[in-house]
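Structural overview
Each chain, written out:
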Amino acid sequence: MSELARYRRQIVLREVGVNGQQLLRDSSVLIVGVGGLGSAAAPYLAGAGIGRLVLSDIDRVDLSNLQRQLLYRQADVGRDKLAAARDALRALNPDCEIETLKGPLDDTALLAAARSVDLVLDCSDNFPTRFAVNRACVAARRPLVSGAAIRFEGQLAVFDLRRGGPCYACLYPDDAGADAAETCEEAGILGPVVGTVGSLQALAAIKLLLGLPSEAGTLRLWNALDSQWRTLNLRRDPQCAVCGKPA
């Protein structure tokens, strides 16, 4: 009865219903990175009733995080992000099982983590991690929802090889120049920009888990200054070094 009361605003949706809510309860999601993107996505997934969330991160909460990482509070400064995120999400929804994996995860650990869930959210902030997460998702055949945000710009992409679509490496074929990529610390980021992208990652994940039409195979680009979106259709690269290889 308490679950019906908690999720009734979702259950009343024709696309969700009681069966869809049960599907969410039986689902599990890996979130790599609980910074700006992850701290926006994770509460929506926990709040929606996802049964199990697996979190991975390497950092501690810094005072500068609080401008955009609203999962954390002033009292969390200095704490391990995984511990702070776990406590906040459990307080939000005690029925959601929260597991933590201290990063950085090597390829073996990432693959094991990806295989243990139904779907992966890449909420990291660097190319090496994004490439590693993609490799794990391709090997495990798990859908990947990838987000990025910097300055006033956001990106959202959904990759699902189960439907014959591309992988992240089809979009970014190699990591050339990745070490020179700008960071939020250098370029800046407005809080609502990263929050918007993280929320959309959660939405994309829920749609995939419910079997609703998704953005798989697309890259969405957002300019927050003029609130304009562009959508690019992506194609699988037969020569892709990750997903183009024979299974």
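In what follows, the accompanying structure is described. (Residues numbered from 1 in each chain as written. Predicted model: local features only at pLDDT ≥ 70, side-chain atom pairs only at ≥ 80, totals over all residues. Heavy atoms only, no water.)

Thoughts on the overall build of the chain
A count of helices and strands for the chain gives nine helices and eight strands. At 17 Å, the chain has a C-alpha radius of gyration in line with the 18 Å of a compact globule built from 247 residues. Dimensions of the chain along its principal axes, counting C-alpha atoms only, are 50 × 40 × 40 Å. Burial statistics for the chain: of 247 residues in total, 50% are counted as buried. On the chain, roughly 12,300 Å² of surface is accessible, and the fraction owed to carbon and sulfur atoms is 52%. (Helix = DSSP H or I, 4+ residues; strand = E, 2+ residues; numbered from the N terminus. Rg over C-alpha atoms; globule rule 2.2 N^0.38 Å. Buried < 20%, exposed > 50% of the residue type's maximum accessible area, 1.4 Å probe, protein only. Areas by Shrake-Rupley, 256 points an atom, 1.4 Å probe, with all protein chains shown as cover.)

Digging into the sheet that holds strand 3 (residues 97-102)
Taken together, eight strands build an open sheet; the order of strands is 3-2-1-4-5-6-7-8 and the sheet is mixed. Whereas interior strands pair on both sides, the edge strands pair on one side only; in this sheet they are strand 3 and strand 8 (228-233). Neighbour-to-neighbour, the strand axes of this sheet turn through a mean angle of 15°, independent of strand direction. Across five bridges, strand 1 (residues 28-32) lies against strand 2 (residues 52-57) in parallel orientation. From the neighbouring strand, Ser28 faces strand 2, where its bridge partner is Arg52. Along the sheet, helix 4 (residues 81-92) makes contact with strand 2 and strand 3, crossing strand 2 at roughly 155°. Helix 9 (residues 191-210) rests against strand 1, strand 4 (119-122), strand 5 (144-150), strand 6 (153-159), strand 7 (218-223) and strand 8 of the sheet, and its axis sits at about 170° to strand 5. (Pairing = 2+ DSSP bridges. Axes fitted to C-alpha atoms, helices over the stretch in contact; angles between N-to-C directions. Contact = heavy atoms within 4.5 Å.)

Digging into the nonpolar core
Among the nonpolar cores identified, the biggest contains 45 residues, and Val29, Ile31, Leu45, Leu53, Leu55 and Leu121 are the most heavily contacted of them. Secondary structure elements with two or more residues in this core: strand 1, helix 3 (36-48), strand 2, helix 4, strand 4, strand 5, strand 6 and helix 9. Per element, the largest residue contribution to this core is eleven residues, and it comes from helix 9. With near-sequence residues (within four places) excluded, Leu121 lies in contact with Val29, Leu30, Ile31, Val32, Ala41, Leu45, Val145, Gln201, Ala202 and Ala205. Core analysis: the next-biggest nonpolar cluster, separate from the first, contains 21 residues, Ala113, Val117, Cys137 and Phe159 among them. (Core = buried A, V, L, I, M, F, W, Y, C linked by side-chain atoms within 4.5 Å.)

A closer look at the packing of helix 3 against helix 9
Packed helices, taken two at a time, are described by the angle between their axes plus the distance between the axes. Relative to each other, helix 3 and helix 9 sit at 40°, their axes nearing to 7 Å. Classified by the angle their axes make, helix 3 and helix 9 are oblique. In the packing of helix 3 onto helix 9, the handedness of the crossing is right-handed. Counting all contacts with helix 3, which are made through Gly36, Leu37, Ala40, Ala41, Tyr44, Leu45 and Ala48, the residues of helix 9 involved are Val194, Gly195, Val197, Gly198, Ser199, Gln201, Ala202, Ala205 and Ile206. Residues that form the contact of helix 3 with helix 9 fall into these classes: eleven nonpolar, five polar and no charged. (Parallel < 35°, antiparallel > 145°, perpendicular 65-115°, else oblique. Left-handed = near helix turned anticlockwise from the far one by under 90°. Nonpolar A, V, L, I, M, F, W, Y, C, P; charged D, E, K, R; others polar.)

Let's talk about the pattern of salt bridges
For the structure on display, the rule yields twelve salt bridges. Here Glu99 ties to Arg52 by a salt bridge, and the two come within 2.8 Å at their closest N and O atoms. With Glu99 in strand 3 and Arg52 in strand 2, this pair connects stretches of sequence that are 47 residues apart. Classification of Glu99 as partly exposed rests on a relative accessible area of 28%. Look at Arg52 and you get buried, because its relative accessible area is 17%. Glu153 is the partner of Arg151 in a salt bridge, and the nearest nitrogen-oxygen pair spans 3.4 Å. For Arg151, a relative accessible area of 29% gives the class partly exposed. Residue class for Glu153 comes out partly exposed when judged on its relative accessible area of 39%. One connected set of salt bridges, linked through shared partners, spans Asp76, Arg79, Arg86 and Asp87. (Salt bridge = Lys/Arg side-chain N within 4 Å of Asp/Glu carboxyl O.)

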